[in-house]
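Each chain, written out:
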Amino acid sequence: MKCRSVACIWSGTPPVHRVTATAALNHPPTLYTGGSDGSILWWNLSNSDSHSEIKPIAMLCGHAAAIADLDICCPAVVSGEQNTDYSSNVALNSSFDHDGALISACTDSMLCVWSRSSGHCRRRRKLPPWVGCPSIIRTLPWNPRYACVGCCFIDAAHLSDHHLIESAEGDEISMDKESQNRKPPPKCTVVIVDTYTLTIVQTVFNGNLSIGPLKFMDVVSSIGDGEKHFSLLADSFGKLQLVPLSKDSHQGGEGETRLQRNSSQQEIETGEDGLLEVGQVVSIATCRNIVATVLKDRSIFRQLGSAITIGVIFFMNNVLCIEGYYGQSHVIGAMFLESNNSGNAQITGETHVSEKILVWSNRGSAVVYTISYFNNTFISEPLCEIPAASYPLDARLSFSFVQLRQILLRVESVCFNDEYPFQWRPRVTIWSLHQKHDDNSKLFHECRMLGEGISFLGWISGASLDRKNESLGGCKTKSASIQSSVSFSETVNSIHTDDSCYSGSKGQIVSSSMVISENLYAPSAIVYGFFSGEIQVVWFNLFRGLDSPAGSSHLEVDSHISRQIFAGHTGAILCLAAHRMVGAAKGWSFSQVLISGSMDCTIRIWDLDSGNLITVMHQHVGPVRQIILPPARTERPWSDCFLSVGEDSCVALTSLETLRVERMFPGHPNYPAKVVWDGTRGYIACLCRDHSRISDATDILYIWDVKTGARERVLRGTASHSMFDHFCKEISMTSISGSLLSGNTSVSSLLLPIHEDGSLSRYNLNTSESGATLSKMTGSSTSLANISKMNSGKALPITPLVFQTRKQPIKCFCPYPGIATLSFDLATLINPCQKQEPIAKDGDKRENSYTKEQGSETFSPHHMTSNDGFNTDRSSTDAIEEHDWIRSLEEYLVRFSLSFLHLWDVDCGLDELLITDMKLKRPNDFIVSSGLQGDKGSLTLTFPGFTASLELWKSSSEFCAMRSLTMVSLAQHMISLSHSSSAASSALAAFYTRNFADKFPDIKPPLLQLLVSFWQDKSEHVRMAARSLFHCAASRAIPAPLHSQQAIQHAKLMRSLTGIEESEHEISRNEGTPIVGLSSERLLETQGPSQVEEAKLLAWLESYEMQDWISCVGGTSQDAMTSHIIVAAAFVTWYPSLVKPSLATLVVQPLVKLVMAMNEKYSSTAAELLAEGMESTWKACIGSEIPHLIGDIFFQIECVSGPSANSADGNPAVPASICETLVGTLLPSLAMADILGFLTVIESQIWSTASDSPVHLVSLTTLIRVVHGSPRNLVQYLDKVVNFILQTMDPGNSVMRKTCLQRSMTALREVIRVFPMVAMNESSTKLAFGDAIGEINSASIRVYDMQSLTKIKVLDASGPPGLPSLLSGAPEMSVTIVISALSFSPDGEGLVAFSEHGLMIRWWSLGSVWWEKLSRNLVPVQCTKVIFVPPGEGFSPNTSRSSIMGSVLGNDREANSPETARSLSYADRLKLLIHNLDLSYRLEWVGKRNVLLRRHGLEIGNFPL
């Protein structure tokens, strides 16, 4: 499991976002906009009586290419659950209100599914290359778990969004009809994708279309038969092609893929042949059986399945098509609107259609038309209109509309700066669809504007900027807060006035960025490249107090960042890289360089330490797009080289030692967008994407040999992608960080495939490869630069340190220019490194062993010691110094992480405490926000400001769990590192455990399923934090299906007190299963659990699909089910009143199965819960199965200890922690729950298992624990206990005796210590034990010889003659306390016994004459003397105790009357005796003939014998 917390550092300018696709979710009201750069913005709508506002909350980063389409899906819906069948694509949002998710597709064939509830990417997967580039996504109406994806093979440069048409510059197709017909038929693929797994479950169509290139697609139903569904394909001429969809074909899985033939397709030509010109059709809209073909000046309506035109709407002479100030406007899109009264009705055989359609133009104006079709009569009239947007003439615009409930959202993309055509900014306005009457009772013809979204004008105002009002981009911000939203009544001039602030000046626009993290531990700087050609390096200087070896955290730290400016490029900076030298450049002394590629076709190399320019290189004739550094384990001299990729389709290899181009790799057909370097094998793979062919696109992979510069192989088509993925996997496996991005480059982390760290565990690092000295781990430019220097000048001893895992504590990504993300891995932060054996002393070997690693190379000159080496004969002082360095490093990492992850300005007192006591420094110089990491490197990044981060806390319980777990764990870890900061650490842990939720009651509680997955974490701090958070959030985070009536009432009360309005249905939506209503709850309490309730509980226990947290922590479906079982069992054990009573009986069997599954992550936890609740809960559910469960545990122990227990690599098949929990925790609790069953099982194990089996040792150990834990319940089976111990010591079984003798003697001594009715003489040759509880006339004492382990005497312990008659109320056959204490005489030839019942001491002589020794007949021996103990103050007043003298005098007659004895049954009397049993009596010998009786250590009397 991975607990990763993300912090995002934004540049001073807003991100670029040109909207290419939109989607909306009704509940909660959410808008998604996809951009041309691959980013997706998540907008939240807030409504009030007077104003509505929509604001961007987060950026979803999962695509590296333009977003082709977005749609709403429901990954958890299973076919058959929804009986509603939609006949159109209108307002399908109603079916996704509660489980909706976003599915996105980009032109690079990547698909992502984004969860609305958690906000992160739950699945990220790339489509196979034979499918093509996805362009349109449509969710299937009858089962929204599946989506229909239309893919085509057209030039990506001319890819036009199906509901967004570029207007200002045109981007129109400039071919005529004849040239189109001369080209080969376009190739298209339509597939059905399961949105839960993102796998293709059906191929609907794969071949050449009979129409033109695919431009529109929809899923429609046929006329009169809703069970037949089609995929409607359309081209830019309005020609339609229907491809049948099998409604149930996708249920068969991926193995039942079908290929539909062209013979089953229907082609619908336009009714007016030759009327439509090329490019005139701008949109296709469908609603049930109506198809609207929208042209620039009119819309043609036809019935599906026929070419009959039922009506036409002309748009001339209205706001859509007018000649105005901005030129001629025309229609660019249309869609049908959801309406409560819209629909089709069959009336006397005629079809009645009544719908609303929205049509909009390229200037943002829109008109809503109502259309009706009845008795072959088509009627249309405008209902209301939206005015055009007001922008300057030179502004480039694009528009799209989205319906969200009863409002319309106009999504605008604006670009003001013609010099930089990619600087688009989004703007959203809100318009009402409700019509109101004026004073004259006339309808308004113009829609009312309700509000607009918060633009990026004031996005910096809410961020954490430094107090000097200086942003990263170098621009000065106003001291007053910038208005977050602009009034919608602003004029064109006011908007145009703010152009400079809106689009940013020339020097502020970030074109490329990267994070320098060359020491593998923490980032040291962020580098920004601007469109102006300037480069800015911002260094992290937060903890300079750690520069001293002693980790002087008490020193004052400079809170300001340091900056470097590099100027010289004349074009935009397109790529960056930073490299630390392994060797040395000839004639140069630089150790760390910055490499930059620009639009001016040059590459500049800079000295990062001095800031000077080293050289300018001109090997490219086109803009330089990528800089690629050598990966780990690259041999010299290639370890100091880099690759540059230009738009001239050429790849160049440049050496930093010689400062010249060593290799050129030309001949690529186009720009190689993806280039990877396999440094271990010495090859370069360049993948060129080819979109130029319409019918069959072919991607080409070129493989080059670095050493020779020769082209080794060229692969085309699908084989190219397979080989490229193989290259990426091999590079990831040999990389220290597990990433394809070698070193520090600006290449987007989303461009190349991500291979999770779990697949890399089999690759082991050896000392020579992974050795990294202290000075190497801390580069000269980091805050740990001088950490290896002592105050006295002596060098710190250098010992190789490698990562315990191949994870970096802080991973750095730059998904888009200007956005730097830091991903903090909790496990590695707490334990970042471990020590290895020192390497050899040989200096030459040492020099060769330090090959280049991930950004860490040989010593820089100022890091070398005076003797140019190091001594491996380390003294104790050196070891202490190294240990202090490691602690300083851990402390640095924790402080750095807390500074960027903490929510500042929420609790001012806590902030002050963190700054003063923990020495944290606020990142005031950065614009920091929160984030969440998703599947395969995807990210969800909130926008700057506390409001956006709080929205993630309110919507995502997964984020709350991971962020709280990280903060609490680091706070507890900080206490162990620095005791002086314990107060601040405790306050920080309390803030994220309780206080933050108290301040903001509407935030989500941490997800319990996620927390329990860390209960068995390797770190004690993480385990403690996860359990603490679970207990604090348990009452607020009860899964809805488990709610008891009491919990529901309590939740209602808490919501009413805090003012949170949340219905029970909304609670159930968050958990994925509806809860039972109040009326049914009352019925369940009176009549017991119903079958319906049990079915719902079982469905929740066995569910796994709707677990968004799985992709957050890198879990599996097994984790989902097991976490549900653990959560349910934890509630039953600790909070039984909060859950349904029937839950215990339903969860106990899955819990037992989980224990026996020997799962490394959950079996120990399940065993602990089963043990903790055994006596109170589980015993009543599985009482009769306890002996079988004990036998199964012994079987597992036998299997684990057998010859097949260890795997091939020597590691145990079952982790030791699980075995320890089973033996030390669960087995004793089971034994104490059913002592007789346990004793029966362990006795059978003696004969059923091998003599040397560890089962016998475990049995003895468990027996000792039972003796300690439940001695009173064990006392009635004392004979079985002693006999079992003696059997394990049997001299006749030498193997078992040798194995168990030591443990058996320990167990026997514990039995003697706890039970006074078991005794052994001083020479350990005789053992005696008597019946503690038994019948008066049949009680006895058995005496054993410890050498032969045979019974040698049986002593009659029954009452003396006349005892039953004297003790009234004690019938002869009644059960009572017989023997309370035993003791051997000092010579071992006598035995004295005390009986509490009757208060008498009896003496037996154990001496035997010779004929008794020859006889094997063990006749009970009568006692030789009886002493009656008078009742006194030393005895407790128990009614079950009586004395003969008391009975004679009549003192106990009332308490022990025959009526009282007869009123109790045998079982009740036995329970009463066990409860009142006193095990504190002791008999001690004083001299040879006197016996001292004690109770609880107090002397009762001294009796002479």
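Residues numbered from 1 in each chain as written. Predicted model: local features only at pLDDT ≥ 70, side-chain atom pairs only at ≥ 80, totals over all residues. Heavy atoms only, no water.

**A closer look at the sheet that holds strand 33 (residues 510-516)**
Thinking step 1. In space, the four strands of this open sheet follow the order 33-34-35-36, with antiparallel pairing throughout. The open sheet terminates on both sides in strands that have one partner only, identified here as strand 33 and strand 36 (562-566). For this sheet the average axis-to-axis angle between neighbouring strands, irrespective of direction, equals 15 degrees. (Pairing = 2+ DSSP bridges. Helix = DSSP H or I, 4+ residues; strand = E, 2+ residues; numbered from the N terminus. Axes fitted to C-alpha atoms, helices over the stretch in contact; angles between N-to-C directions.)

**Points about helix 22 (residues 1143-1156)**
Thinking step 1. Between its terminal C-alpha atoms helix 22 stretches 20 Å, which fits the 20 Å expected from 14 residues at 1.5 Å a residue.
Thinking step 2. Helix 22 sits mainly inside the fold: ten of its 14 residues count as buried.
Thinking step 3. Turning to helix 22, its buried residues are Leu-1143, Ala-1144, Leu-1146, Val-1147, Val-1148, Leu-1151, Val-1152, Leu-1154, Val-1155 and Met-1156.
Thinking step 4. Looking one or two residues beyond helix 22, the residue adopting positive phi is Met-1158, at roughly 55 degrees. (Expected span 1.5 Å × (residues − 1). Buried < 20%, exposed > 50% of the residue type's maximum accessible area, 1.4 Å probe, protein only.)

**With respect to helix 15 (residues 1020-1033)**
Thinking step 1. For helix 15, built from 14 residues, the straight-helix expectation of 20 Å at 1.5 Å per residue is met to within 8% by its first-to-last C-alpha distance of 20 Å.
Thinking step 2. What helix 15 keeps buried is the set His-1021, Val-1022, Ala-1025, Ala-1026, Leu-1029, Phe-1030 and Ala-1033. The buried residues of helix 15 all sit within an arc of 160 degrees when viewed along its axis, so they share a single face.
Thinking step 3. Buried residues in helix 15 make contact with helix 7 (826-830), helix 12 (957-977), helix 13 (982-999), helix 14 (1008-1012) and helix 21 (1117-1134).
Thinking step 4. For helix 15, the N-terminal cap is Ser-1019; the gap from its side-chain oxygen to the backbone nitrogen of His-1021 is 3.3 Å. (Arc of directions from axis to C-beta. Contact = heavy atoms within 4.5 Å. Polar contact = N/O pair within 3.5 Å; in protein donor to acceptor, adjacent residues only side chain to side chain.)

**Thoughts on the state of the cysteines**
Thinking step 1. Following the criterion strictly, the structure yields zero disulfides and no others.
Thinking step 2. Its sulfur unpaired, Cys-148 is 9.2 Å from the next cysteine sulfur, which belongs to Cys-151. (Disulfide = S-S within 2.5 Å.)

**Some points on the packing of aromatic side chains**
Any aromatic ring pair is given by two values, namely how distant the centres are and how the planes are angled relative to each other.
Thinking step 1. Going through the model one piece at a time under the given rule, you end up with 29 aromatic pairs.
Thinking step 2. Considering the side-chain rings of Trp-360 and Phe-401, the 5.2 Å spacing of their centres and the 45 degrees angle between planes classify their relative orientation as tilted. Taken together, the residues Trp-360 in strand 26 (residues 350-361) and Phe-401 in strand 29 (residues 396-404) connect sequence positions 41 residues apart. Just as Trp-360 is buried, Phe-401 falls in that class too. (Phe/Tyr/Trp six-rings, centres within 6.5 Å; stacked < 30°, edge-to-face > 60°.)

**A few points about the pairing of strand 57 (residues 1326-1330)**
Thinking step 1. In terms of residue burial, strand 57 counts as a mostly covered element, since five of its five residues are buried.
Thinking step 2. Alternating residues of strand 57 divide into Lys-1326, Ala-1328 and Gly-1330 and Leu-1327 and Phe-1329, and every residue in both groups is buried.
Thinking step 3. Here strand 56 (residues 1318-1320) runs beside strand 57; their pairing, made up of three bridges, is antiparallel. Looking across to strand 57, one finds that Val-1318 is bridged to Phe-1329.
Thinking step 4. The hairpin formed by strand 56 and strand 57 contains five residues between the paired strands, and Ser-1324 there has a positive phi angle of roughly 55 degrees.
Thinking step 5. Bridging between strand 57 and strand 59 (residues 1340-1345) involves five bridges; their strand directions are antiparallel. The residue bridging Phe-1329 from the neighbouring strand is Arg-1342, located in strand 59.

**Describing the sheet that holds strand 60 (residues 1350-1356)**
Sheets are built from strands that pair by backbone hydrogen bonding, the pairs being arranged parallel or antiparallel.
Thinking step 1. If you trace the four strands from one edge of the open sheet to the other, you get 56-57-59-60, paired in antiparallel fashion. Two strands close off the open sheet at either side, each with one partner strand: strand 56 and strand 60. Recorded for the sheet is a direction-independent mean angle of 20 degrees between the axes of neighbouring strands.
Thinking step 2. Sitting on the sheet, helix 30 (residues 1278-1288) is in contact with strand 56, strand 57 and strand 59, with an inclination near 160 degrees to strand 57.
Thinking step 3. Sheet strands in contact with helix 31 (residues 1294-1314) are strand 56 and strand 57, and its direction is about 120 degrees off that of strand 56.

**Quick word on the nonpolar core**
Thinking step 1. Core analysis: the largest hydrophobic core is formed by 212 residues, its most contacted members being Trp-1178, Phe-1194, Phe-1315 and Ile-1341.
Thinking step 2. Among the elements that take part in this core, helix 12 stands out by supplying eleven residues, more than any other.
Thinking step 3. Among all residues touching Ile-1341, those that are not within four sequence positions of it are Ala-1328, Phe-1329, Gly-1330, Lys-1353, Val-1354, Leu-1355, Ala-1357, Ile-1379, Leu-1382, Leu-1391, Ala-1393 and Trp-1404.
Thinking step 4. Listed in part, the 29 residues of the second largest apolar core include Val-19, Met-59, Phe-813 and Ala-948. (Core = buried A, V, L, I, M, F, W, Y, C linked by side-chain atoms within 4.5 Å.)

**Some words on the pattern of salt bridges**
Thinking step 1. Here the structure, examined in full by the defined rule, presents 25 salt bridges.
Thinking step 2. Residue Arg-922 is joined to Asp-905 by a salt bridge in which the shortest nitrogen-to-oxygen separation is 2.9 Å. Taken together, the positions of Arg-922 in the loop between helix 10 (908-916) and strand 54 (927-933) and Asp-905 in the loop between helix 9 (876-901) and helix 10 put the pair 17 residues apart, joining distant regions of the chain.
Thinking step 3. Judged by its relative accessible area of 16%, Arg-922 falls in the buried class.
Thinking step 4. Residue classification places Asp-905 among the partly exposed positions, given a relative accessible area of 48%.
Thinking step 5. Of the charged contacts, one joins Asp-1478 and Arg-1495 as a salt bridge, the two residues approaching to 2.6 Å between their closest N and O atoms. Of the two residues, Asp-1478 sits in the loop between helix 36 (1466-1476) and strand 66 (1481-1486) while Arg-1495 sits in strand 67 (residues 1490-1495), which places them 17 residues apart along the sequence. Each member of the pair, Asp-1478 as well as Arg-1495, carries the same accessibility label: buried. (Salt bridge = Lys/Arg side-chain N within 4 Å of Asp/Glu carboxyl O.)

**Details of the environment of Ser-413**
Thinking step 1. Tracing the sequence through the fold places Ser-413 in strand 30 (residues 407-415).
Thinking step 2. On the accessibility criterion, Ser-413 (1% relative accessible area) is buried.
Thinking step 3. Filtering out sequence-adjacent residues up to four positions away, Ser-413 remains in contact with His-17, Arg-18, Val-19, Arg-396, Leu-397, Ser-398, Trp-424 and Arg-425.
Thinking step 4. Polar side-chain contacts of Ser-413 include one of 2.9 Å to the backbone nitrogen of Val-19.

**Remarks on the packing of helix 23 (residues 1163-1172) against helix 26 (residues 1216-1233)**
The angle between the axes and the distance between the axes are what describe a pair of packed helices.
Thinking step 1. The interhelical angle for the contact between helix 23 and helix 26, taken along N-to-C directions, is 10 degrees, at an axis separation of 9 Å. In terms of orientation, helix 23 lies roughly parallel with respect to helix 26. Contact with helix 23, carried on its side by Ser-1163, Ser-1164, Ala-1167, Glu-1168, Leu-1170 and Ala-1171, involves Ser-1217, Ile-1218, Thr-1221, Leu-1222, Thr-1225, Leu-1226 and Ser-1229 of helix 26 and no other residues of that element.
Thinking step 2. Split by residue class, the contact of helix 23 with helix 26 holds six nonpolar, six polar and one charged. (Parallel < 35°, antiparallel > 145°, perpendicular 65-115°, else oblique. Nonpolar A, V, L, I, M, F, W, Y, C, P; charged D, E, K, R; others polar.)

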